[in-house]
Protein chains: 2
Amino acid sequence: MSGSVSPLAPKTFATMPALRGVRMATASAGIKYKNRTDVLLMVFDKPASVAGVFTRSKCPSAPVDFCRANLPHGSARAVVVNSGNANAFTGLKGRQATELTAKSTAVAVGCSENEVYLASTGVIGEPLDATKFSGVLGSMHTEATGDFWFEAAKAIMTTDTYPKVATRSTDIGGVTVTINGIAKGAGMIAPDMATMLSFVVTDADIAPAVLQSLLSEGVGPTFNSMTVDSDTSTSDTLMLFATGAAAADGQVRVEHAGDARLSGFRAALNDVLKDLAIQVVRDGEGATKMLEITVTGAESDAAAKTIALSIANSPLVKTAAAGEDANWGRIVMAVGKAGEMADRDRLAIWFGDVRVAVNGERDASYSEEAASNVMKRQDIPVKVDLGLGNGRATVWTCDLTKEYVAINGDYRS
Amino acid sequence: MSGSVSPLAPKTFATMPALRGVRMATASAGIKYKNRTDVLLMVFDKPASVAGVFTRSKCPSAPVDFCRANLPHGSARAVVVNSGNANAFTGLKGRQATELTAKSTAVAVGCSENEVYLASTGVIGEPLDATKFSGVLGSMHTEATGDFWFEAAKAIMTTDTYPKVATRSTDIGGVTVTINGIAKGAGMIAPDMATMLSFVVTDADIAPAVLQSLLSEGVGPTFNSMTVDSDTSTSDTLMLFATGAAAADGQVRVEHAGDARLSGFRAALNDVLKDLAIQVVRDGEGATKMLEITVTGAESDAAAKTIALSIANSPLVKTAAAGEDANWGRIVMAVGKAGEMADRDRLAIWFGDVRVAVNGERDASYSEEAASNVMKRQDIPVKVDLGLGNGRATVWTCDLTKEYVAINGDYRS
């Protein structure tokens, strides 16, 4: 945890309602940090439907392997998350640590090991001492309470400077349902996905396959459209649980992804995912600015996203933002290197409402002062129109500062 | 130009011999910088064979378009290079500037406009005032001299902290020939290629198609295997000229790429390209360390290069190097995100001779102190063995420091 809070932190945090069917507890297991909580237990007293999206790294962590193997069972009773150690690239010891943690959890909660989900975040390559969990899980299960979302978000932080929480309510067939989410992440944040852990829970009654479909669809324009440093973690985990408690109010279980009753729920879920994703970007290590980069007029939505991410991941674009420099030449550079179709002479670029370039050259009415005023803001909208087709995408990133270098130059020590 | 010279600068510079058939002059045209040379004229008194490799940016600069159009003519009489302004993304004005420069050059040198080659480096998006060249080219042509390589290298610098020169001699069929090269580049340096300009000249007599084949082949393991910041310039230009003066000593013109007499020349050319490329990396903006990253045991050479570049471009690997942190977990991360086949449990990683990880976990005999000692060096060899096949590749990069952020946070101002 950094000493000071990101200047881009939310001014206020959402008030997180308790959510029927899920309870949480945190503890200090002493994995790495001193004097702070570093383990979260999330308990579903009745089996919850479960869906997950994980890192695309070819070298995933042991907990990611563990979750992937359990997911086809479709049912969750417990989630254990620790910060301080990622249990990644730990070989056989890593697998043993996940097995031991799952066993301890199953005993504490009274469930099967394949109803347990695990996530770890922190240093890679250090063996995780899972015996530290077994001593605390029993009392955590007893103490767990529903009104604990903010504390839960705090326990999973690593270099985060603030906890990330979000909540929305909507209805399914006239029955009110709620979606609560927490997330952590600040560096090694790039699409598909990040050292990013996020756990979202709803009291709606939705079948696992439907939940997976909603999550897989929702992740594209949200978590998979944000990048801090282009580095993809071995541990990225986004899970969605449905406790089904709303069935008690008469909500009829959703069994099909095409169910028309889902429209409000889908929008609310995507809102929660976007809210959390943007909070992660705004806590980007060393960040002082957030850039919202929109590319329009591309050959396809996929091409627009590739170009937007090329801009968002460019160290030269990001350092220019840090320096409040309206350096649109670097935007051109990043469009050019993306490899997608672009016609230099049709390109137009805006910072905020200031069009700085059009038809392949500087806008005749360009005002350096007006552009510089946009760059002085904390939130900088960048728009690029390629003038080729209807493809569009929006991604989010932060600036690259000396503080990022400082944070990552001695993270392990 | 930065105020202080890179700590990785060569201790001594090569003594560059004059090379028959080419003369150079520099001038201060006042493009952007004050009190320094910013234009280079290279003259071939007899038509030289020419080959070129250019940026793969979809938004190339006007001079790149100009050179590409002239290249099929195969013959060069003059090269004009300016620093301070890239003449990129300057629309119709950009094309007019290249045409005016070519016309002025053709008049000054007494050649056709399609025997002129142009390159510009510096700020993108600002119109280039080409009338500034016309006043100086005539006297430059008169004053041009063969013994001017070091001054030529200085005139094309932008944020470079030292000029880059290299020379090798070899023979073709028993006749001694020489290859001289200069380069510039320090940031916006990434494969395919960089804000990287390089001009290499030999007195050998070689046909243009053969020259192109040699250059296209040589660029892969040299300039296209180095990266400073993953950002690809709109202006990257590498050109190779053969004046043919060695014909006077009896060298019979090389007409075929398969000519067995080329073996020594090919090796010497690749040496010059590699020497210049490494000098560019060592002048990476803010660099304090050079990393030589070798990946072996990949499924193919191409897969090895993709993985090596993923490591080389990772901000987290580069900041760890800046912090002298033997953070091999970030190497695992970068292998995993590359998208190429990797088996976590077969991976082995070395810093220098210190094996830090093997079979998917920390080496049992790993010594943090020994690894840290390697990280304290200026030159850090990193080796990754994937244990899958015979593919291998080596790439070069530098660390990411606060100074990089400082240099690029206010470059335009």
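Quick caveat, the model's predicted, so the values are computed rather than measured.

Rules used in this analysis
Residues numbered from 1 in each chain as written. Chains lettered and ligands numbered in written order. Predicted model: local features only at pLDDT ≥ 70, side-chain atom pairs only at ≥ 80, totals over all residues. Heavy atoms only, no water. Buried < 20%, exposed > 50% of the residue type's maximum accessible area, 1.4 Å probe, protein only. Helix = DSSP H or I, 4+ residues; strand = E, 2+ residues; numbered from the N terminus. Pairing = 2+ DSSP bridges. Contact = heavy atoms within 4.5 Å. Axes fitted to C-alpha atoms, helices over the stretch in contact; angles between N-to-C directions. Phe/Tyr/Trp six-rings, centres within 6.5 Å; stacked < 30°, edge-to-face > 60°. Salt bridge = Lys/Arg side-chain N within 4 Å of Asp/Glu carboxyl O. UniProt positions renumbered as here; feature names shortened; annotations may be inferred. Polar contact = N/O pair within 3.5 Å; in protein donor to acceptor, adjacent residues only side chain to side chain. Least-squares fit on C-alpha atoms with pLDDT ≥ 70 in both.

(A) Structural detail: helix 9 (residues 328-337) of chain A. All names here are of chain A. By the criterion of burial, helix 9 is predominantly enclosed, with 9 of the 10 residues buried. Considered for burial, the residues of helix 9 that qualify are Trp328, Gly329, Arg330, Ile331, Val332, Met333, Ala334, Val335 and Gly336. Glycine 339 sits one or two positions beyond helix 9 and adopts a positive phi of about 90°.

(B) Representation of the pairing of strand 6 (residues 175-184) of chain B in the model. Of all 10 residues making up strand 6 of chain B, 9 are buried, and the element is well covered by its neighbours. Linking strand 5 (residues 164-172) of chain B back to strand 6 of chain B in an antiparallel pair, the connection comprises 2 residues, with glycine 173 of chain B at a positive phi of about 60°.

(C) Main features of the sheet that holds strand 14 (residues 379-385) of chain A. Residue and element names in this part refer to chain A. Taken in spatial order, the 7 strands line up as 8-15-10-14-11-12-13 in an open sheet, and their pairing is mixed. Since the sheet does not close on itself, it has two edges, and those belong to strand 8 (226-227) and strand 13 (361-362), each with one partner. Relative to strand 14, strand 10 (residues 290-298) runs parallel, the two being bridged by 7 bridges. Residue pairing in the sheet places methionine 290 in a bridge with aspartate 379 of strand 14. Along the sheet, helix 6 (residues 263-282) makes contact with strand 8, strand 10, strand 14 and strand 15 (391-398), crossing strand 15 at roughly 45°.

(D) Summary view of the packing of aromatic side chains. Residues and elements named next belong to chain A. Taken as a whole, this structure holds 10 aromatic pairs over all chains when the rule is applied. Residues phenylalanine 44 and phenylalanine 241 carry aromatic rings whose centres are separated by 4.9 Å and whose planes lie at 35° to one another, so their mutual orientation is tilted. With phenylalanine 44 in strand 2 (residues 39-54) and phenylalanine 241 in strand 9 (residues 237-242), this pair connects stretches of sequence that are 197 residues apart. Taken individually, phenylalanine 44 and phenylalanine 241 each receive the classification buried, so the pair is uniform in this respect.

(E) How the structure looks around the pattern of salt bridges. Counted by the stated rule, this structure contains 42 salt bridges over all chains. The partner of aspartate 345 of chain B in a salt bridge is arginine 344 of chain B, and the shortest N-O contact between them spans 3.4 Å. Judged by relative accessible area, which is 12%, arginine 344 of chain B ranks as buried. The network of salt bridges with shared partners includes Asp65 and Arg95 of chain A together with Arg344 and Asp345 of chain B.

(F) Spotlight on the UniProt feature "binding site: substrate" (unreviewed entry) in chain A. All names here are of chain A. Mapped onto this numbering, the UniProt entry gives "binding site: substrate" (unreviewed entry) at Thr158, Lys184, Thr195, Glu285, Asn408 and Ser413. Positionally, glutamate 285 belongs in the loop between helix 6 and strand 10. In terms of polar contacts, glutamate 285 uses its side chain to reach the side chain of threonine 159, at 2.7 Å.

(G) Highlighting the relation of the copies chain A and chain B. Under the fitted operation, chain A is carried onto chain B by 0.0 Å of movement along the axis and a turn of 180°, and the coordinates agree to an RMSD of 0.0 Å. Such a combination of rotation and displacement between the chain copies is what one expects of a two-fold axis. Across chain A, the smallest distance between a C-alpha and the rotation axis is recorded for lysine 402 of chain A, namely 2.3 Å. By residue overlap, the copies meet face to face through one surface: 100% of the interface positions of chain A are interface positions in chain B.

(H) Summary view of the environment of alanine 370 of chain A. Residues and elements named next belong to chain A. Structurally, alanine 370 can be placed in helix 10 (residues 368-375). Of the residues examined, alanine 370 reaches a relative accessible area of 29% and is grouped as partly exposed. Sequence-wise, alanine 370 and phenylalanine 351 are 19 residues apart; in three dimensions their C-alpha atoms are separated by 9.2 Å.

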